[in-house]
Amino acid sequence: MFSLGSWLPALPGLAWGWALLDALLQGLVGACAVSVLCSLLKVYLYIQCVNNPERQAEKEAIAAQWPLLELLHVLVLTGVLALVGSRVAALVVLEFSLRAISTILSLGKGTHSSQLYLLCQYSLGCGVSCGLSFLLEGAPHRSWNLALAAGLAGLLALHARRLARHVCTLYELHIRARYCGICILLLTAGHGIPHLLRNALALTFAVADLAAVELINRDFLSTGEAVRFWSPLTICYTLLVVYMQEESRQSTGRALVFRTVVVRMGGLFILLLTVGRWTDILHVFMSLLGELWCLLRSGVLLESCWRQ
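Computed from a predicted model, the values in this text were never measured in an experiment.

A. The overall build of the protein, seen in detail. What the protein contains, in helices and strands, is 13 helices and zero strands. Looking at the protein residue by residue over its 308 residues, the buried ones come to 48%. Expressed as a percentage of contacts within the protein between residues at least 6 apart in sequence, the contacts between residues at least 24 apart total 78%. Within the structure as shown, the protein displays about 15500 Å² of accessible surface, and the carbon and sulfur contribution to it stands at 70%.

Quick look at the structure:
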């Protein structure tokens, strides 16, 4: 009613088509946000490897360029985020926020974890999608707004990817020659990238959490229904966080990360079997695929974080 289709005559299936377009645009914005995050982390980890002679093999692995795979990653993630419903996306955002707070508190004041930034990829995409869905709900010309947001996000992701490619190709040469302003800036201030990402992610997830709570609560007709949903959800998420904290103390590595994803999505699946809808079950499986896809794509960066 308030989207791009509002200017066109009513036709059978037209509303469904514009809803699909809106979902794809939201998914594209979320996928571009994930791409920016990965590009900046790639820049940071590469610079750390350059400064450490013992990590030359790791540096070469990070510098490997696969432009087609990067494009495929954005396209697949766009499709997954577009298909996942707002209800499950909101639950993913809330679960990661609780897990991130627990992890930050356990790390201690002033400590950051690059691994946590990589583990939040899919949750970040869901958070951006939830935030856009909430902020643009009922907005005039919603599709035009989403198209503008997708265009801006695409440009930002493209420039971040070009920065990562420039650093991985020419950083060492430029810091020796001292004539590239970008590389000199990264040489002096590159250590501040995690701080920048932390602030950006904190703001993004703060908005996403508010949007997620509102998107979930709008499905309830009474306080009793809300209590019957939030009570098991809180217990489930608390148990998951405790379990993952214990697992992280006992083991590390790729196996732990993938096992954690399966446990989290399994817990969400069991919860939605009792208080959810059948479409939510399908969306949980889509979310599992999205999480695994993001982790497989960033395997080299995760290995680098574990070696730090």
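B. Summary view of the pattern of salt bridges. Under the definition given, this model contains nine salt bridges. Across the pair Arg99 and Glu95 runs a salt bridge whose closest N-O atoms are separated by 3.0 Å. With Arg99 and Glu95 both in helix α4 (residues 86-107) and four residues apart, the pair spans about one turn of that helix. Per residue, the accessibility class of Arg99 equals that of Glu95, and both read buried.

C. Structural context of the packing of aromatic side chains. Applying the stated criterion across every chain yields a total of two aromatic pairs. Between the aromatic rings of Phe96 and Phe205, the centroid separation amounts to 5.1 Å while the plane-to-plane angle is 35°, which identifies the pairing as tilted. Remark: Phe205 occurs in helix α9 (residues 193-217) and Phe96 occurs in helix α4; sequence separation between them is 109 residues. This pair shows no difference in class: Phe96 is buried, exactly as Phe205 is.

D. Broad picture of the environment of Thr234. Position of Thr234 relative to the elements: it lies in helix α10 (residues 223-250). Under the relative-accessibility criterion, Thr234 is labelled partly exposed at 47%.

E. Here's a closer look at the nonpolar core. One finds Leu37, Tyr46, Leu91, Tyr122, Leu124, Tyr171 and Leu268 to be the most contacted residues of the largest nonpolar core, which totals 87 residues. Ranked by residues supplied to this core, first place goes to helix α1 (residues 14-50) with 17 residues.

F. Expanded view of the UniProt feature "transmembrane region" (unreviewed entry) in the protein. What UniProt calls "transmembrane region" (unreviewed entry) maps, in this numbering, to residues 68-84, 116-136, 142-158, 179-197, 227-244 and 256-275. Helix makes up 94% of residues 68-84 and strand 0%, and the two end C-alpha atoms of the span are 24 Å apart. Structurally, residues 142-158 is divided into 100% helix and 0% strand, and its ends, taken at the C-alpha atoms, are 24 Å apart.

G. Spotlight on helix α2 (residues 56-63). By the burial criterion, the buried members of α2 are Glu58, Lys59, Ile62 and Ala63. Down the axis of α2, the buried side of the element spans an arc of 135°, and every buried residue falls inside it. More than 90 degrees from the buried face of α2, the exposed residues found are Ala57 and Glu60.

H. Local environment of the packing of α2 against helix α13 (residues 299-307). The geometry of α2 relative to α13 is characterised by a closest axis approach of 9 Å and an angle of 155° between their N-to-C directions. By the angle between their directions, the pair α2 and α13 is classed as roughly antiparallel. Both α2 and α13 take part in a crossing whose hand is left-handed. Taken together, the residues of α13 that come into contact with α2 (itself represented by Glu58, Ala61 and Ile62) are Val300, Leu301, Ser304 and Arg307. Residues that form the contact of α2 with α13 fall into these classes: four nonpolar, one polar and two charged.

I. Focus on the packing of helix α3 (residues 67-83) against helix α6 (residues 121-135). Where α3 contacts α6, the axes come no closer than 11 Å and their chain directions differ by 55°. Looking at the two axes, α3 sits oblique to α6. The two elements α3 and α6 cross, and the hand of that crossing is right-handed. Where α3 abuts α6, its residues His73, Leu77, Val80 and Leu81 lie against Gln121, Tyr122, Gly125 and Cys126. Per-class residue counts for the contact of α3 with α6 are five nonpolar, three polar and no charged.

J. Expanded view of a nonpolar patch on the surface. On the surface, Trp66, Leu69, Leu72 and Val76 cluster together to form a nonpolar patch covering roughly 360 Å² of accessible area. Among the secondary structure elements, Leu69 is positioned in helix α3.

K. Molecular detail of the environment of Phe205. Phe205 gets classed as buried once you look at its relative accessible area, which sits at 8%. For Phe205 and Val93, which are 112 residues apart along the polypeptide, the C-alpha to C-alpha distance reads 7.5 Å. Ignoring anything within four residues of it in the chain, the contact list for Phe205 reads Val93, Phe96, Ser97, Cys120, Ser123 and Leu124.

Thresholds, definitions, all that
- Residues numbered from 1 in each chain as written.
- Predicted model: local features only at pLDDT ≥ 70, side-chain atom pairs only at ≥ 80, totals over all residues.
- Heavy atoms only, no water.
- Helix = DSSP H or I, 4+ residues; strand = E, 2+ residues; numbered from the N terminus.
- Buried < 20%, exposed > 50% of the residue type's maximum accessible area, 1.4 Å probe, protein only.
- Contact = heavy atoms within 4.5 Å.
- Areas by Shrake-Rupley, 256 points an atom, 1.4 Å probe, with all protein chains shown as cover.
- Salt bridge = Lys/Arg side-chain N within 4 Å of Asp/Glu carboxyl O.
- Phe/Tyr/Trp six-rings, centres within 6.5 Å; stacked < 30°, edge-to-face > 60°.
- Core = buried A, V, L, I, M, F, W, Y, C linked by side-chain atoms within 4.5 Å.
- UniProt positions renumbered as here; feature names shortened; annotations may be inferred.
- Arc of directions from axis to C-beta.
- Axes fitted to C-alpha atoms, helices over the stretch in contact; angles between N-to-C directions.
- Parallel < 35°, antiparallel > 145°, perpendicular 65-115°, else oblique.
- Left-handed = near helix turned anticlockwise from the far one by under 90°.
- Nonpolar A, V, L, I, M, F, W, Y, C, P; charged D, E, K, R; others polar.
- Patch = residues over 30% accessible without salt bridge, like charges linked within 9 Å, V, L, I, M, F, W, Y side chains within 5 Å.

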